Amino acid sequence: MKMTTISHLRAKKQQQSKFASITAYDASFARLFEQEGIQVMLVGDSLGMTMQGHGSTLPVTVDNIVYHTQCVRRGAPTCLLLADLPFMSYATPAQTFESAATLMRAGANMVKLEGGSWLAETVKGLTERAVPVCGHLGLTPQSVNIFGGYKVQGRDEDSAEQLLRDALALERAGAQLLVLECIPVALAQRVTQALVIPTIGIGAGNVTDGQILVMQDALGITGQGTPKFAKNFLAQGGDIRSAVSGFIHDVEQGLFPGPEHSFQ
Ligand code: KIV
């Protein structure tokens, strides 16, 4: 099988063909996801919550992401693999380059970082040094203590405009993908239409170019309920393989997320 690259995702955007992606943290699930047709995976710092049992993503280290990136890469050799730069691992240029190089050596194809225009120089610096970057705007979980909780972002006109400016600044700086998390559908649509690069939504409606779910949410195995923006595909799928193919099908057909999973 051929490697999935960012060029495939750009082509999908041009063809208005939606794609599904999912977080992965280990080789077995990664293998199954790839076999079922998932071409984009993320080793998210959500592993702090899903794998380590913390209440936030803040305790996650670069070494943690490296370990899980190596596991996922062994299971899914051809996927486009994104790896999160964890909290405070991109605070200075030197630290950013070292963290990103470590993740790329572990098997990532792209690093993801959370934040807006203020990261433009960081994105530019990484891109110039051959590290592809995915931005992440909206509800950025590393900022939970600034937000005062996990809250939908971009609901008022000023913050919506700011988010759009941030998205354009990240694209101009060289970002190749953009995750939009927990924002109103109309804003996700504006951003997706304004950008050349593909957007990947989670809690942003079915208007983004791709969708991503945390795998435990998609399989209903958090033991803590399913968030509004997610769906337990295992409940309808019967087994994990059918759940994953159901997720891919529903995303590609624009059936997931429905209005009941979205914010207005
Ligand atoms: O850490 C993560 O899993 C993420 C996704 C929710 C996009 O950033």
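For the structure itself, consult the block above.
Described below are features of the structure shown in this document.

The rules behind the values
Residues numbered from 1 in each chain as written. Predicted model: local features only at pLDDT ≥ 70, side-chain atom pairs only at ≥ 80, totals over all residues. Heavy atoms only, no water. Helix = DSSP H or I, 4+ residues; strand = E, 2+ residues; numbered from the N terminus. Buried < 20%, exposed > 50% of the residue type's maximum accessible area, 1.4 Å probe, protein only. Polar contact = N/O pair within 3.5 Å; in protein donor to acceptor, adjacent residues only side chain to side chain. Near = heavy atom within 4 Å. Areas by Shrake-Rupley, 256 points an atom, 1.4 Å probe, with all protein chains shown as cover. Nonpolar A, V, L, I, M, F, W, Y, C, P; charged D, E, K, R; others polar. Pairing = 2+ DSSP bridges. Right-handed = clockwise from strand over helix to strand, strands pointing away.

## As for the environment of His249
Along the polypeptide, His249 turns up in helix H12 (residues 240-252). Under the relative-accessibility criterion, His249 is labelled partly exposed at 41%. Spatially, the C-alpha atoms of His249 and Gly125 are 37 Å apart, while their sequence positions differ by 124 residues. Within the structure, the side chain of His249 is placed 3.0 Å from the side chain of Asp250, a separation counted as a polar contact.

## Description of the site of the ligand
Near the ligand, the surroundings consist of 13 residues, among which Gly44, Asp45, Ser46, Asp84 and Lys112 are the closest. Note that an oxygen atom of the ligand is positioned 3.1 Å from one of the side-chain N or O atoms of Asp45. The separation between an oxygen atom of the ligand and a polar side-chain atom of Ser46 is 2.5 Å. Protein chains bury 96% of the 260 Å² of accessible surface belonging to the ligand in isolation. Among the residues forming the shell around the ligand, the class breakdown is five nonpolar, four polar and four charged.

## Remarks on the pairing of strand S1 (residues 19-23)
In terms of burial, S1 is largely enclosed, as five of its five residues are buried. Residues Phe19, Ser21 and Thr23 of S1 are buried on one face, and the alternating residues Ala20 and Ile22, pointing to the opposite face, are buried as well. Sheet topology note: the S1/strand S8 (residues 210-213) ladder contains four bridges and is parallel. In the strand pairing of S8, Phe19 is matched with Gly210. For the crossover that starts at S1, traverses helix H2 (residues 27-36) and ends in the parallel strand S2 (residues 40-43), the hand is right-handed.

That's the geometry; what it means functionally is another story.
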